[in-house]
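Commentary on secondary and tertiary structure
Spelled out from the first residue to the last, the chains are:
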Amino acid sequence: MAGRFVRSSKYRHVFGKSTRKEFCYDNLRISRNAWDTNLIKANPEYLSVNWEASGGGAFAVIPLNEKGKIPDVIPLFRGHTAAVLDTDWNPFNDRVVASASDDAKVMLWQVPQGFSLFTDAEEPSDVAPIAKLTGHSRKVGQVLFNPAAENILASASGDLTVKFWDIGTGSAVHTVKHPDIVQSLTWNADGTLLATTSRDKKLRVWDVRQERPAHESPGHEGAKNSRAVWLGEHNRFATTGFSKMSDRQLALWEPGNPNPIGGFTVLDSISGVCMPFWDDSCNCLYLAGKGDGNIRYFEYENDKFEFLSEYKSPDPQRGIAFLPKRGVNVHDNEVMRAFKTVNDTYIEPISFTVPRRAETFQSDIFPPAVGTKPAVSAQEWVSGQSGVPSKIDFESIYEGNAPVEVPSDYKPPAPISAPAPVSKPAPQKAPEPAPAPVSIRTGSIKDQQNSMAALASKYEDKTEDVEEPSSFDEVSKPQERNARFEPPTKTTSAPLPKPASPIRLWASDSTPTTSAPAPTESSNGSGGPVVETALDQIKELLETQTKILSAQSQHIERLTAEVDSLKKRVGTGSPDQSERIRQLELELEELRS
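Summarised in this report is the structure supplied together with it. Quantities reported herein were computed from a predicted structural model and do not represent experimental measurements. (Residues numbered from 1 in each chain as written. Predicted model: local features only at pLDDT ≥ 70, side-chain atom pairs only at ≥ 80, totals over all residues. Heavy atoms only, no water.)

A look at the overall build of the protein chain
Short version of the rule: Helix and strand labels come from DSSP, where a helix needs a run of H or I of at least four residues and a strand needs a run of E of at least two; each type is numbered from the N terminus. We get accessible surface area from the Shrake-Rupley algorithm with a probe of 1.4 Å; when it comes to residues, only the shown protein chains can shield them.
Of regular secondary structure, the protein chain possesses five helices and 33 strands. Carbon together with sulfur atoms contributes 49% to the accessible area of the protein chain, which is approximately 29,500 Å² in total.

In structure tokens:
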């Protein structure tokens with residue numbers, strides 16, 4: 001049976017980790033209103049929660065660092081006269097939040113400086129709105145800030161209009177007439193297009209500043225609600241909905257194309273609405289089911305959603321929010337964090353983490369993400385300008401510094417080699433130096449044999465000069481000596497006979513041998529000192545060579561052990577280790593020759 005191909009991905013092993021109850025946000029009264037929204041929204045500082053409040057509509061703001069059981073009485077954000085249906089945080093100001101209500105109003109709020117749920121007051125004072133945006137005639141179901149332009153807010157109402165507000169002036173700068181009630185809104189990356197899903201089962205992409213639809217096509221055919229989310233800077237958006245047989249579906253769309261790319265993908269037959277969320281820096285799509293505890297996540301690649309994994313929980317969620325990417329914990333390799341409601345009484349954080357053991361910043365899983373600086377102002381956006389906000393580099397956050405901005409089109413440099421999936425390879429142990437005075441790595445054995453033979457050849461003939469014997473302190477590049485030995489002038493003996501064959505220094509078993517005959521004394525005995533000197537030098541050479549052999553043997557043993565150790569680890573090692581093994585094997589082969 002042929003092996004199954006596994007697609008390579010940095011996020012293939014991302015897993016969701018739940019939080020213990022004592023570190024959740026407990027003792028909440030989450031709204032039980034049946035309007036289909038996410039109920040909660042999050043930014044790096046606060047959570048906003050649609051609250052079950054008496055005496056009119058309200059919502060709560062919970063600082064993220066105040067975990068555990070909150071007080072029974074907390075300061076609420078009051079001002080609406082009917083239930084709050086939706087909230088949204090300003091992407092460029094973490095203390096500004098907008099709310100939509102059943103009372104047909106949109107309100108703006110600012111979190112007070114040093115806001116906390118734990119106060120000494122018996123009845124903490126509520127927070128009042130800083131602005132009211134009036135213009136809708138029926139309930140306002142959704143609000144959504146523009147992701148690129150400062151202070152631009154979209155609101156969708158039951159009066160079949162979508163208004164676009166400049167919250168700095170409090171006026172509606174554009175209004176589009178929608179054929180039916182809007183079920184979800186999503187902006188593209190530069191804030192020029194808005195996609196909507198509707199109760200009439202159609203998808204529309206609006207050119208907001210022209211106040212007209214740029215694209216319209218049939219959507220999911222099921223009767224239940226559908227959702228849409230734009231895939232960041234890609235010219236694509238994804239939708240979730242239902243088929244005629246009430247199967248949950250996922251689809252990928254290109255504006256202008258009436259049919260989904262690759263058709264509709266059936267997810268399952270669960271009845272709850274599937275809420276989509278997009279991570280633009282990692283190109284990942286998260287799908288959270290309303291009424292079940294599962295969160296699927298996919299990686300977008302080549303116009304397809306490649307399934308990565310699924311977080312499963314026995315506790316169903318009715319509302320969920322995902323943190324903006326700039327708020328994740330880089331030190332824990334956290335690529336996304338979600339907050340889910342459980343039993344309408346507490347909110348549980350879920351951390352999605354890449355399992356790596358690393359002591360350095362992992363740049364490949366943390367590309368730059370959108371920061372807190374808008375691309376254009378509200379006036380520039382209204383006048384027709386547009387752009388993508390600048391991004392922040394996560395490495396500066398990892399090092400504990402202020403976020404460093406990078407251009408919106410910045411791409412991090414590709415690493416030379418992919419990092420090890422588990423841990424960094426252990427540093428290679430440097431080869432130990434050979435014992436002095438012998439240098440192991442300089443000169444081959446054949447060179448040393450030639451050097452010895454050349455030295456012995458000094459005694460072949462009489463010459464005029466006598467050269468001092470070599471000390472062998474350095475054998476980095478043995479050089480042949482051409483000087484010849486001059487016997488004492490007083491003797492009249494014949495020259496020393498040549499050896500029958502060159503002195504053979506190495507036998508087949510790599511042990512020293514002296515098979516060549518040594519020079520003999522002349523017939524009149526006058527050559528005695530010469531012979532003794534030659535024998536002493538040859539003996540010295542043999543002793544030195546024996547030391548070399550011993551050092552060579554020890555070095556071969558060390559190299560063999562190192563090769564064996566590297567071969568055991570080469571399965572999880574780097575290409576540098578494989579190259580090191582090849583070099584060591586070549587060196588061993590040369591030494592053994």
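More follows now that the structure is in view.
Examining the sheet that holds strand S9 (residues 96-101)
Let me state the cut-off plainly: Any two strands are treated as partners once DSSP identifies two or more bridges connecting them. Structural elements are reduced to axes, namely lines fitted to C-alpha atoms, with helices fitted over the stretch in contact, and the angle between N-to-C directions of any two is expressed from 0 to 180 degrees.
If you trace the four strands from one edge of the open sheet to the other, you get S8-S9-S10-S11, paired in antiparallel fashion. Edge positions in the sheet fall to strand S8 (84-89) and strand S11 (131-133), since each of these pairs with one other strand and no more. Between one strand axis and the next, the sheet turns by 25° as a mean value, whatever way the strands run. Relative to S11, strand S10 (residues 106-110) runs antiparallel, the two being bridged by three bridges. Bridging from a neighbouring strand, Val106 pairs with Leu133 of S11.

So, the packing of aromatic side chains
For clarity, the cut-off: In this scheme Phe, Tyr and Trp rings, the latter by its six-membered ring, pair at centre separations within 6.5 Å, and the angle between planes marks the pair as stacked below 30 degrees, edge-to-face above 60, and tilted otherwise. Categorising residues by exposure relies on relative accessible area from a 1.4 Å probe, with only protein chains included: less than 20% of the type maximum marks a residue as buried, more than 50% marks it as exposed, and the intermediate range marks it as partly exposed. Throughout this description, the term charge over a ring refers to an Arg CZ or Lys NZ atom that lies within 6 Å of the ring centre and within 35 degrees of the ring normal.
Tallying each qualifying case throughout the model produces 23 aromatic pairs. Between the aromatic rings of Tyr311 and Phe352, the centroid separation amounts to 6.4 Å while the plane-to-plane angle is 75°, which identifies the pairing as edge-to-face. Residue Tyr311 is found in strand S27 (residues 304-311), and its partner Phe352 is found in strand S30 (residues 346-353); the two are separated by 41 residues along the sequence. A relative accessible area of 7% means that Tyr311 is categorised as buried. Of the aromatic side chains, those joined through ring pairs into one cluster are Phe277, Tyr286, Tyr297, Tyr311, Phe322 and Phe352. Lying over the aromatic face of Tyr346, Lys21 brings its terminal NZ or CZ to 4.4 Å of the ring centre. Of note, Lys224 hangs over the ring of Phe242, and the distance from its end group to the ring centre comes to 5.2 Å.

Observations regarding the side chain of Arg204
Note the threshold: What qualifies as a polar contact is a pair of N or O atoms within 3.5 Å, subject to a donor-acceptor requirement within protein and to the restriction that residues adjacent in sequence count only when both atoms come from side chains. What makes two residues a contact is simply this: any of their non-hydrogen atoms within 4.5 Å.
Its location among the elements puts Arg204 in strand S18 (residues 202-207). Looking at Arg204, its side chain comes within polar contact range of the side chain of Asp200, at 2.7 Å. Once you skip the residues sitting within four places of it in the chain, Arg204 turns out to touch His178, Pro179, Leu194, Ala195, Thr196, Ser198, His215 and Glu216.

As for the environment of Asn283
Note on placement: Asn283 falls in the loop between strand S24 (274-279) and strand S25 (284-289). Each C-alpha atom of the pair Asn283 and Tyr300 lies 5.6 Å from the other, and the pair is 17 residues apart in sequence. In this structure, Asn283 is in contact with His234, Trp278, Phe298, Glu299 and Tyr300, ignoring residues within four places of it in sequence. Within the local environment of Asn283, its side chain forms a polar contact with the side chain of His234, the two groups lying 3.0 Å apart.

Observations concerning the sheet that holds strand S32 (residues 391-393)
Pairing is antiparallel across the open sheet formed by three strands, whose spatial order is S31-S32-S33. What marks the edges here is a single partner per strand, and that holds for strand S31 (369-370) and strand S33 (404-406). Bridge count between S31 and S32: two bridges; the pairing is antiparallel. Across the sheet, the residue bridging to Val370 is Lys391, located in S32.

Brief notes about the pattern of salt bridges
When charged atoms on two side chains of opposite charge get close, those side chains can pair. Quick reminder of the rule: Whenever a carboxyl oxygen of Asp or Glu lies within 4 Å of a side-chain nitrogen of Lys or Arg, that contact is scored as a salt bridge.
Inspection of the entire model under this criterion finds 24 salt bridges. We note a salt bridge from Asp94 to Arg326, for which the minimum N-O separation is 2.7 Å. One end of the pair, Asp94, is in the loop between S8 and S9; the other, Arg326, is in the loop between strand S28 (320-322) and strand S29 (334-342), and 232 residues separate them in sequence. Judged by relative accessible area, Arg326 falls into the buried class, the value being 17%. Residue Asp180 pairs with Arg199 through a salt bridge whose shortest N-O separation is 3.4 Å. Placement of Asp180 in the loop between strand S15 (171-177) and strand S16 (182-187) and of Arg199 in the loop between strand S17 (193-198) and S18 is noted, with a sequence separation of 19 residues between them. With relative accessibility at 52%, the residue Arg199 sits in the exposed group. It is possible to trace a salt-bridge network through shared partners that takes in Asp200, Lys202, Arg204 and Glu216.

Some thoughts on the nonpolar core
Our working definition: Nonpolar cores were defined as sets of buried Ala, Val, Leu, Ile, Met, Phe, Trp, Tyr and Cys residues, with membership established by side-chain atoms within 4.5 Å.
By size, the foremost hydrophobic cluster in this structure holds 33 residues, and its most contacted members are Phe339 and Ile347. For this core, the secondary-structure elements that each account for two or more residues are strand S3 (40-42), strand S4 (46-50), strand S5 (58-63), S8 and S10. The biggest single contributor to this core is S5, with five residues. Those residues in contact with Phe339 that sit more than four places away from it in its chain are Tyr25, Ile40, Ala42, Leu47, Leu64, Gly319, Ile320, Ala321, Leu323, Ile347, Glu348 and Pro349. Counting 28 residues, the second-largest nonpolar core is a separate cluster that includes Tyr311, Ile320, Val354 and Ile365.

Focus on the pairing of S4
Two faces belong to every sheet, and in a regular strand the side chains alternate between them. When you tally the buried positions in S4, you get five out of five residues, the bulk of the element. Side chains Tyr46, Ser48 and Asn50 of S4 all project onto a buried face; the interleaved residues Leu47 and Val49 project onto the opposite face, where all are buried too. For S3 and S4, the ladder comprises three bridges, and the chain directions are antiparallel. Paired with Lys41 across the strands is Ser48, a residue of S4. Between S3 and S4, which pair antiparallel in sequence order, lie three residues. Where S4 meets S5, five bridges bridge the pair, whose relative direction is antiparallel. Paired with Asn50 across the two strands is Phe59, which belongs to S5.

Such coordinate-based values are descriptive only and should not be taken to indicate function.
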